[in-house]
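The chain contents come next:
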Amino acid sequence: MQKYNLIATTTFGLEAIVKRELNALGFDDTQVSDGRVRFTGDMNDIAKANVWLRTADRVLIEIGSFKATSFEELFDKTYEYDWGNIIPEKANFIVDGRSKKSKLFSISDSQRIVEKAIIEKMKTKYKIDWFEKSGNLYKLEVALLNDIATITLDTTGSSLHKRGYREQQGSASIKETLASAMVQLSYWNKDRVLFDPFCGSGTILIEAAMLGKNIAPGLDRDFSFTGWEGFDPKILKNIKTEAFDLMKNDVNLELIGSDIDKNMIEIAKENTYNIGLEDDIKFVHSDFKNV
Ligand SMILES: C[S@@+](CC[C@H](N)C(=O)[O-])C[C@H]1O[C@@H](n2cnc3c(N)ncnc32)[C@H](O)[C@@H]1O
């Protein structure tokens, strides 16, 4: 299977936890930079990382990095990649952009130049002038930082914090990835009590329960890479089957949440039910001062 340079993106400050998670999944060649952890792997590993990472936002394939201080340079270096073998003829490919501390500060112009270079290169393979983009999504990004352009392809789709259990949430709910990081950084483990006296929609407790029972956060969702041409659905099926086998259903947890807002308690219960953890977390409607 082809090996790729991969990047797990995350919230600034959580890189060390993502690295720890990747190491625990068997990826030893991790390198940390701001908001990013680099590692390598094949399609199997891409599926594994997407299904198991609790504190990363996305898993990207790094197509390449190069210095670019002019649009000409950006075009020429982008054109060098073998786009005809990366993007299928009918793919719905889009190019997002970001720029920080770089001469090429216009994001829209950089996106346009990269897209143009990709199209020109694709023309040489597909021998057509116009790409209808009617197929599956291939989301690329050109990120410029200190004049270095990094072009990536997103394997994830909607961000990994969207586990699928939180249909409703409060106005101040915490992201699932951050909640998991907080639990992982705390002294809590599955044999200890966890009490969240301001539990809101229950995110921290649900993430703790998922850790305690070893429930993979991506079990109940789909990813961008499953729509890619030539992707073998058995890869994801095997990773998910293995994840089901690794669940520790017999673990007894003591997780308790309370909140002053009755409506939030109902939402927390519903979210807990959505993921099948209703027997593991107890919710109480109460003002903290009465606890
Ligand atoms: C920032 S939110 C918690 C968000 C939660 N972590 C989540 O992901 O949904 C703070 C919560 O504290 C609750 N709250 C505020 N004052 C409270 C009090 N005196 N006793 C209990 N809960 C209170 C609010 O109802 C709100 O749901």
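On a predicted model such as this, the values are computed, not experimentally measured, just so you know.

1. Observations concerning the pattern of salt bridges
Item 1. If you walk through the whole model with that rule in mind, you get 15 salt bridges.
Item 2. With its nearest N and O atoms 3.1 Å apart, the salt bridge here joins Glu 62 to Arg 38. Residue Glu 62 is located in strand β4 (residues 58–67), and its partner Arg 38 is located in strand β3 (residues 36–41); the two are separated by 24 residues in the primary sequence.
Item 3. With a shortest N-O distance of 3.7 Å, Asp 96 and Lys 139 are connected by a salt bridge. Of this pair, Asp 96 sits in strand β5 (residues 92–100) while Lys 139 is found in strand β6 (residues 137–145), placing the two residues 43 residues apart along the sequence.
Item 4. Using a relative accessible area of 22% as the deciding quantity, one classes Lys 139 as partly exposed.

2. What about the sheet that holds β6?
Item 1. Read across the open sheet, the seven strands follow the order β2-β3-β1-β4-β7-β6-β5; overall the sheet is mixed. Because the sheet does not close on itself, it has two edges, and the strands there are β2 (31–33) and β5. The sheet shows a mean angle of 30 degrees between the axes of neighbouring strands, taken without regard to direction.
Item 2. Where strand β1 (residues 4–9) and β4 come together, four bridges link them in antiparallel fashion. Within the sheet, the bridge partner assigned to Leu 6 lies in β4 and is Ile 61.
Item 3. Across the face of the sheet, helix α3 (residues 71–79) comes into contact with β4, β6 and β7 (148–154) while running at roughly 120 degrees to β4.

3. What to know about the nonpolar core
Item 1. Core analysis: the largest hydrophobic core is formed by 72 residues, its most contacted members being Leu 74, Ile 118, Phe 225 and Leu 255.
Item 2. Among the elements that line this core, the one with the most residues is helix α2 (residues 43–52), at six residues.

4. A few points about unusual backbone geometry
Excluding glycine, residues mostly have negative phi values, and the peptide bonds linking residues are mostly trans.
Item 1. Unlike most non-glycine residues, Lys 133 shows phi in positive territory, near 55 degrees.
Item 2. Within the fold, Lys 133 resides in the loop between α5 (107–126) and β6.
Item 3. Positive phi values are uncommon outside glycine, yet Asn 146 reaches one of about 50 degrees.
Item 4. Examined against the element boundaries, Asn 146 turns out to sit in the loop between β6 and β7.

5. Observations concerning the site of the ligand
Item 1. Inspection of the region around the ligand gives 16 residues, with Ser 201, Thr 203, Asp 259, Asp 287 and Phe 288 positioned closest.
Item 2. Take Ile 260: an N or O atom from its main chain is 3.1 Å from a nitrogen atom of the ligand.
Item 3. Isolated, the ligand exposes 610 Å² of accessible area, and the fraction of that covered by the protein chains is 72%.

6. Concerning the packing of helix α1 (residues 15–24) against helix α6 (residues 176–185)
The packing of two helices is summarised by the inter-axis angle and the distance between the axes.
Item 1. Where α1 meets α6, the axes come as close as 11 Å, and the angle between the chain directions of the two elements is 80 degrees. Considered as vectors, α1 and α6 are oriented roughly perpendicular to each other. Of α6, the residues touching α1 (which contributes Ile 17, Arg 20 and Glu 21) are Ala 181, Gln 184 and Leu 185.
Item 2. For the contact of α1 with α6, a count of residues per class yields three nonpolar, one polar and two charged.

7. Thoughts on the pairing of β7
Item 1. The buried fraction of β7 amounts to six of the seven residues, a majority that puts the element mostly inside the structure.
Item 2. Relative to β7, β4 runs antiparallel, the two being bridged by seven bridges. Across the sheet, residue Gly 64 finds its bridge partner in β7, namely Ile 151.
Item 3. Bridge count between β6 and β7: six bridges; the pairing is antiparallel.

Thresholds applied
Residues numbered from 1 in each chain as written. Predicted model: local features only at pLDDT ≥ 70, side-chain atom pairs only at ≥ 80, totals over all residues. Heavy atoms only, no water. Salt bridge = Lys/Arg side-chain N within 4 Å of Asp/Glu carboxyl O. Helix = DSSP H or I, 4+ residues; strand = E, 2+ residues; numbered from the N terminus. Buried < 20%, exposed > 50% of the residue type's maximum accessible area, 1.4 Å probe, protein only. Pairing = 2+ DSSP bridges. Axes fitted to C-alpha atoms, helices over the stretch in contact; angles between N-to-C directions. Contact = heavy atoms within 4.5 Å. Core = buried A, V, L, I, M, F, W, Y, C linked by side-chain atoms within 4.5 Å. Near = heavy atom within 4 Å. Polar contact = N/O pair within 3.5 Å; in protein donor to acceptor, adjacent residues only side chain to side chain. Areas by Shrake-Rupley, 256 points an atom, 1.4 Å probe, with all protein chains shown as cover. Parallel < 35°, antiparallel > 145°, perpendicular 65-115°, else oblique. Nonpolar A, V, L, I, M, F, W, Y, C, P; charged D, E, K, R; others polar.

Read these as layout, nothing more, since geometry by itself doesn't imply function.
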